[in-house]
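Here's the letter readout for the chains.
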Amino acid sequence: MTDQMRFIPAELQIRAGDTVKLVVRNAGKGLHELVIGTKAELDAHAALMVKFPDMAHSEPYMTHVKPGKSDQLIWTFNRVGEFEFACLLPGHYQAGMVGKIKVSAPSTPKP
Ligand SMILES: [Cu+2]
């Protein structure tokens, strides 16, 4: 995460069924967060964050990372499709702090 309101990399390719450990490092001087969801979910959540900037939120699909710190988030991607990860702090998402997660079909079907 950077104070230029970007995630690097901004695109992840994942196979459905995989459990992934995302190590998130905040290289900026301000707080950032990473929230996983569909575009519709993130749009709705971002609008709420603008309305209620002090809302405290904590869920297994998100992490807040202080400047210079790292955190990790472990998530199993069990659905094929396009998802996003975003920083929903007011202004950040709107400035383009969002990335794509492409979840493709598993290479070998699970028994
Ligand atoms: Cu941010």
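Structure: see above.
A brief look at the structure comes next.

Cut-offs and rules
- Residues numbered from 1 in each chain as written.
- Predicted model: local features only at pLDDT ≥ 70, side-chain atom pairs only at ≥ 80, totals over all residues.
- Helix = DSSP H or I, 4+ residues; strand = E, 2+ residues; numbered from the N terminus.
- Buried ≥ 20, exposed ≤ 12 C-beta atoms within 10 Å, placed from the backbone.
- Pairing = 2+ DSSP bridges.
- Axes fitted to C-alpha atoms, helices over the stretch in contact; angles between N-to-C directions.
- Contact = placed C-beta atoms within 7 Å.

Remarks on the environment of valine 50
Link 1 in the chain: Assignment of secondary structure puts valine 50 in helix H1 (residues 39-51).
Link 2 in the chain: In sequence terms valine 50 and glutamine 94 are 44 residues apart; their C-alpha atoms lie 9.9 Å from each other.

Some thoughts on unusual backbone geometry
Link 1 in the chain: Residue proline 9 follows isoleucine 8 across a cis peptide bond; omega there is -5 degrees.
Link 2 in the chain: With respect to the secondary-structure elements, proline 9 resides in the segment before strand E1 (11-15).
Link 3 in the chain: Even without being glycine, methionine 5 reaches a positive phi, approximately 65 degrees.
Link 4 in the chain: Tracing the sequence through the fold places methionine 5 in the segment before E1.
Link 5 in the chain: According to the C-beta neighbour criterion, methionine 5 is partly exposed, with 19 such atoms within 10 Å.

A short note on the sheet that holds strand E7 (residues 98-104)
Note on sheets: strands pair through backbone hydrogen bonds, and any given pair is parallel or antiparallel.
Link 1 in the chain: The strand order across the open sheet formed by 5 strands is E1-E7-E6-E3-E4, and the pairing between neighbours is mixed. Edge strands, defined here as strands with exactly one partner in the open sheet, are E1 and strand E4 (62-65). Across this sheet, the average inter-strand angle for adjacent strands is 20 degrees, counted without regard to direction.
Link 2 in the chain: Of the strand pairs in this sheet, strand E3 (residues 32-37) and strand E6 (residues 81-86) are connected by 3 bridges, and their pairing is antiparallel. In the sheet register, valine 35 faces E6, and the bridge partner there is alanine 86.
Link 3 in the chain: Relative to the sheet, H1 contacts E3 and E6, its axis offset from that of E3 by approximately 140 degrees.

Such coordinate-based values are descriptive only and should not be taken to indicate function.
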